[in-house]
Amino acid sequence: MLHPDRLFPADPGTRAIARRLYASISDLPIISPHGHTEAAWFAKNDPFPDPAQLLILPDHYIYRMLYSQGVSMHELGIRQTGAPDSYKIDSRKVWRIFAEHYHLFSGTPTRIWLDYEFEILFGLDQRISAATADHYFDVIAEKLQQPEFLPRALYERFHLEALSTTDSPLDSLEHHQAIRESNWKARILPTFRPDSVVDPAFQGFRENIGKLGDQTGEDTSTWPGYLNGLRKTRQRFKSLGATATDHGHPTANTANLSPQESEKLFAATLSGNSSPEQQELFRAQMLTEMARMSIDDGLVMQLHPGSFRNHNQKVFEQFGRDSGADIPTRTDYVHGLKPLLDLFGNEPSFTFILFTLDESTFSRELAPLAGHYPCLRLGPPWWFFDSPEGMLRFRELATETAGFYNTVGFNDDTRAFLSIPARHDVARRIDCNYLARLVAEHRIDEDEAFDLAQDLTINLVRKAYRL
Amino acid sequence: MLHPDRLFPADPGTRAIARRLYASISDLPIISPHGHTEAAWFAKNDPFPDPAQLLILPDHYIYRMLYSQGVSMHELGIRQTGAPDSYKIDSRKVWRIFAEHYHLFSGTPTRIWLDYEFEILFGLDQRISAATADHYFDVIAEKLQQPEFLPRALYERFHLEALSTTDSPLDSLEHHQAIRESNWKARILPTFRPDSVVDPAFQGFRENIGKLGDQTGEDTSTWPGYLNGLRKTRQRFKSLGATATDHGHPTANTANLSPQESEKLFAATLSGNSSPEQQELFRAQMLTEMARMSIDDGLVMQLHPGSFRNHNQKVFEQFGRDSGADIPTRTDYVHGLKPLLDLFGNEPSFTFILFTLDESTFSRELAPLAGHYPCLRLGPPWWFFDSPEGMLRFRELATETAGFYNTVGFNDDTRAFLSIPARHDVARRIDCNYLARLVAEHRIDEDEAFDLAQDLTINLVRKAYRL
Amino acid sequence: MLHPDRLFPADPGTRAIARRLYASISDLPIISPHGHTEAAWFAKNDPFPDPAQLLILPDHYIYRMLYSQGVSMHELGIRQTGAPDSYKIDSRKVWRIFAEHYHLFSGTPTRIWLDYEFEILFGLDQRISAATADHYFDVIAEKLQQPEFLPRALYERFHLEALSTTDSPLDSLEHHQAIRESNWKARILPTFRPDSVVDPAFQGFRENIGKLGDQTGEDTSTWPGYLNGLRKTRQRFKSLGATATDHGHPTANTANLSPQESEKLFAATLSGNSSPEQQELFRAQMLTEMARMSIDDGLVMQLHPGSFRNHNQKVFEQFGRDSGADIPTRTDYVHGLKPLLDLFGNEPSFTFILFTLDESTFSRELAPLAGHYPCLRLGPPWWFFDSPEGMLRFRELATETAGFYNTVGFNDDTRAFLSIPARHDVARRIDCNYLARLVAEHRIDEDEAFDLAQDLTINLVRKAYRL
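Reading guide: rules and limits
Residues numbered from 1 in each chain as written. Chains lettered and ligands numbered in written order. Predicted model: local features only at pLDDT ≥ 70, side-chain atom pairs only at ≥ 80, totals over all residues. Heavy atoms only, no water. UniProt positions renumbered as here; feature names shortened; annotations may be inferred. Contact = heavy atoms within 4.5 Å. Buried area = accessible area lost by both parts, 1.4 Å probe. Salt bridge = Lys/Arg side-chain N within 4 Å of Asp/Glu carboxyl O. Polar contact = N/O pair within 3.5 Å; in protein donor to acceptor, adjacent residues only side chain to side chain. Helix = DSSP H or I, 4+ residues; strand = E, 2+ residues; numbered from the N terminus. Nonpolar A, V, L, I, M, F, W, Y, C, P; charged D, E, K, R; others polar. Phe/Tyr/Trp six-rings, centres within 6.5 Å; stacked < 30°, edge-to-face > 60°. Lys NZ or Arg CZ within 6 Å of the ring centre and 35° of its normal. Least-squares fit on C-alpha atoms with pLDDT ≥ 70 in both.

The name recorded for chain A in an unreviewed UniProt entry is Uronate isomerase, from Alloacidobacterium dinghuense. Recorded in UniProt under Pathway (unreviewed entry), the annotation for chain A is "Carbohydrate metabolism; pentose and glucuronate interconversion." Listed under Sequence similarities (unreviewed entry) in UniProt, the entry text for chain A is "Belongs to the metallo-dependent hydrolases superfamily. Uronate isomerase family."

Set out below in structure tokens:
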């Protein structure tokens, strides 16, 4: 199914350049500085469950498409909130439904990733369909029990150099601890993602603040105690290898309140009576506080704004968060980030990586901002846009203003561990596609393109994430 | 003038694939589920008038361009509001002006459509110019009198399988009735377009509500009577073959008011003293009511938002609506549609087709929404964007997130009946162009591309519009 | 370093067409109707200073990129506000820093322009680097002392037909005067740019109004006297050859106030107590006043909206305006321009050229507006977007709706005089690239493409700017 020239430009001359470039980087190690795999997999090193539970249930890219075409969440085996512990899915049935609907993925990156996994990891090279569903299921299920498909073996097979998870400040990080204490020499790093304790609209916010206090021995009902609790937790993450924080706010708004104003606002959010405007202002102020702490402790800061979470009310009520119904919205970085940038935009020791779900901002806001402020870098195309067309648009929209060196390489951003090599392969091929076009049009020289291919694949990510 | 490879990619390998794909679909019937032709043409089957009245006066794509370059509306023969019945245009003079300015259309889809009409329908294969203006006029004028250029003959020659018009609820649909009662076996279907009775800002809104009452025997001065009047009218449309409704709102806002609130708001709009905010809220609520009725009666719902109508005040005052001065505006679907989607977004029997004039929403809002909600489908690129570049952008921006199967084929959306084959030909060629690129880059296999070409041309439209 | 086929499409057939088109226009004169060179250079005809002061310090495209990657403004020799008169930069050191960081410009237009200047103007054809920095510096420094590198000699060598500067109404235009009084037959024209006297937020606004009164003998503390002062100054510019005005507002808002309202608002702005909203309304009204004056005196009006000026507070405080920290913002033309267009949109004698920093408006707002209103024309892609990809996007997004003939050719918009031929060369190559694609895809014929290439290069600019 996989053609060696896939994702390269069709023009034969340009394709030949892309092939040469790709050959020089295809075997480089994978650095995955931002994703959603689970440290527990690597701590325990148990076999992954069956194909449906491994590949379909956790991947909202897949089930949102099936759902959009009338396959119900129940048919897909998605666990309803409050389902009894005895709830079990019929994995083979779910797998068959998926296989029958495989044509829905034509033209999507999901299709490219899955074909890669099927062929490269499992040796399955006939396109999956209703007819081959059971064969696929059996082959994959059997392989998943073999030692070379255990999480640690796959980490090594994937040639991973570093793999970052995303973790709540309330997480004990026991699995990260366990990995470090084992004699397995891998680099699996936590990332500090404090949404649950900095966003007053987050379910359980007040309880979470209390837990943060318990964990850190700080009185987090006071503003200084709360900040100290966060500081200490960041230190805890750092001591287990974290090099970065990540922030999933609805907007890119930041604020610069006085300590007195912050203190008052914090009290209001804790009272449980805060207005949406106060909650937004608090989130905005907390981005600024996080930036201040980053300058102190050296953690790289990432901002992923602009997702309208849980847009489908009924699906949210029945199936909870992260059920494939998060929708991008318009985002304003220019006004939103100004308070933070006024304070820290020129700090040489600060690295602040911006992502977007609003592609109209790439050329209008993000590339101009990153092409000026020393602290800013552009994250790769994210979520719906880590796709061939999305990646090409990113390069075409951002490079001319921000250059290549204000970008940070690729993030796979995935909870689908098996898709990591596939996703990095797509990113590498598309970068070579873009570079080849620049060479063919004599906009850069071929020797530069070879250097750039190395930089885009490993050097920029190592540097930006301090790995 | 027409090259057999027009609109195919230049790369020879990719072009060869496009050619093969196009050969497999070029002869398929045309399904036109959304447009603005007139049922009267087919009911009466009179010859079309002269070239200028047929091709130029009703086509605001053409005369807006001429107007933008200094040709006055008077020179173009556009009828001024309140002109005496005796008003007559000098068609040959208008035609000559058009011919002299034909270079203005270089690079526009209008040029591609017209060349197709001139060459394929009228056998004129020298580019039109001042020198050939009269020859063109004479040839076309003469042919229009021949039996094979009568409306019904053209319908058959165009290989139309279905042709939908767009009609006011106040329309008697007598011509649709007449067509059905004739023994001509064509499928010409009305579409329920209620803007004039659901938009309080529509000229004559209150009178229209009264007429709706007269027509349906309901007391439309009450909220329940008004809703009943709409329900009955939808039934009347359905009985004459309608399968869809269409809604031309300025925004994508929807609402979910209680019956009491709706009743009060309706009374306010009828009072003639409603504020712009109340009018917007009423339109928003009416989209939700229309969705509710669609679930009951099975009519597919289409939303065409985002046009600032009659932007040019002086042109509007002198020449009325639809004079080429409607301008797209920014549109927010994510927040706007939420109230309606909260109610009906997961209804399996509901089909809701979204269009846009704001291309930045394709990847940011529309593809993510349609790639999740079971009721949603993406309409094709509309109005200014049903062009080669516009169609390519649509596929590039939407496919990776929504796939092909959340789209609904092509709409020609035209009042220029003779341009229908030309417009569908452009759409087919561009789809083959896009599919050929995916094949050449090994993103899909060629066998899939053949299936997709069929689906995009006939299967998706039949299914989405229940034809 | 420069390949003869640079910026042409890679496909050999399309490239051959692009080559033929380019050969037909590459030697045409350069018309530069909008830029920021200084009349004093040509009045005095002194040698340009050293390479760093000529090429780096005045070019915020260059130093913003270096700054974004951690090179400090001090290292770059940027003059701090209030620096003593004795402040001197170490030009060779600045040049070396620039050369060491040259890889940062890979993939940016700056790189393309500089390579052109180095090779074509200075005969340097090894890529600049740390190793060649001194050689470059010495060669350029030496050449700049030669007679053929004096400003007037370069004007002639560049084959300039007209070159417009941008000037404050408070400028004496003495250098323009001097050029006209010399016996040098060149066409260097001022442009009326009144931001400093129509924008109440402009530093020194009230003082500037006073100076305008002194200069014109009008009592500019009254609304009629102020308008008269502006009218007279426009006349003064016109008498020195100006054919255009330019307006750099933060938004595209216009207004249509009564004289009484305007008078009151003017008084408020002069009081020094005006609110931001009043200031915005005043700017909006002044665009309408400028349009009214344009209809009277025939000056072409240009609007460059949407830049958030001096976004970096610390850099602004230390280094002043125009320090590379202006960031584009979202712009609304459809609502913003309506008051002005309601008044003057249909005036045949009025030419109003619109630019944007928000590319999402090209297809959504600007092309539909320019494709209808007789007064409107689309300026070329501006600032961050006068780049290969930016220019291609402009053609792809605007042409299908506005055609080619509602555009006005290229603006180099530069203060880097030596980059003018390079910038026009890029524009010509990209236009040929785009036209070649249209020909290769049989969307236009090749004979038309040759005509269009001429029009895009010289005819449209001459006509739009009345040159």
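Caption draft 1: View of the interface of chain C and chain A. The interface is formed by 49 residues belonging to chain C together with 45 residues belonging to chain A. Roughly 3,900 Å² of surface becomes buried between chain C and chain A when both sides are summed, with 49% attributable to carbon and sulfur atoms. Ranking the residues of chain C by area buried against chain A places H311, R330 and E389 of chain C at the top, with a combined share of 17%. The interface formed by chain C and chain A contains eight salt bridges. Where D358 of chain C meets R364 of chain A, a salt bridge forms, and the shortest distance between an N and an O atom there is 3.0 Å. Taken together, the connections running from chain C to chain A amount to 30 residue pairs in polar contact (both at pLDDT 80 or more). Elements supplying a minimum of two residues to the side of chain C that touches chain A: α1 (12-25), α4 (60-68), α6 (109-121), α15 (313-319), β7 (327-328) and α19 (388-402) of chain C. Residues belonging to the side of chain C that touches chain A are distributed by class as follows: 20 nonpolar, 16 polar and 13 charged.

Caption draft 2: Structural view of the packing of aromatic side chains. Applying the stated criterion across every chain, the model contains 103 aromatic pairs over all chains. Taken together through their ring pairs, the aromatic side chains of W41, F42, F48, Y155, F158, W184 and F417 of chain A make up a single cluster. Positioned above the aromatic ring of Y61 of chain A is the side chain of R423 of chain A, whose terminal nitrogen or guanidinium carbon lies 5.3 Å from the ring centre. Over the face of the ring belonging to Y22 of chain C we find R429 of chain C, whose NZ or CZ atom lies 4.2 Å from the ring centre.

Caption draft 3: View of the interface of chain A and chain B. Taken together, the 49 residues of chain A in the interface contact 45 residues of chain B. Roughly 3,900 Å² of surface becomes buried between chain A and chain B when both sides are summed, with 49% attributable to carbon and sulfur atoms. Looking only at chain A, the three residues that lose the most surface to chain B are H311, R330 and E389 of chain A, adding up to 17% of its buried area. The tally of links between chain A and chain B comes to eight salt bridges. For the salt bridge of E448 of chain B with R111 of chain A, the shortest nitrogen-to-oxygen distance reads 2.6 Å. Across the chain A-chain B interface, the total number found is 30 residue pairs in polar contact (both at pLDDT 80 or more). Of all elements in the fold, only α1 (12-23), α4 (60-68), α6 (109-121), α15 (313-319), β7 (327-328) and α18 (388-402) of chain A reach the threshold of two or more residues within the side of chain A that touches chain B. The element contributing the most residues to the side of chain A that touches chain B is α18 of chain A, with five residues. Its residues assigned to classes, the side of chain A that touches chain B shows 20 nonpolar, 16 polar and 13 charged.

Caption draft 4: Region of the structure containing the relation of the copies chain C and chain A. Of the transformation superimposing chain C on chain A, the axial component is 0.0 Å and the angular component is 120°, with the fit at an RMSD of 0.0 Å. Such values leave the two copies arranged in the relation of a three-fold axis. Looking at the interface residues of chain C, only 6% of them are also at the interface in chain A, so each copy uses its own face.

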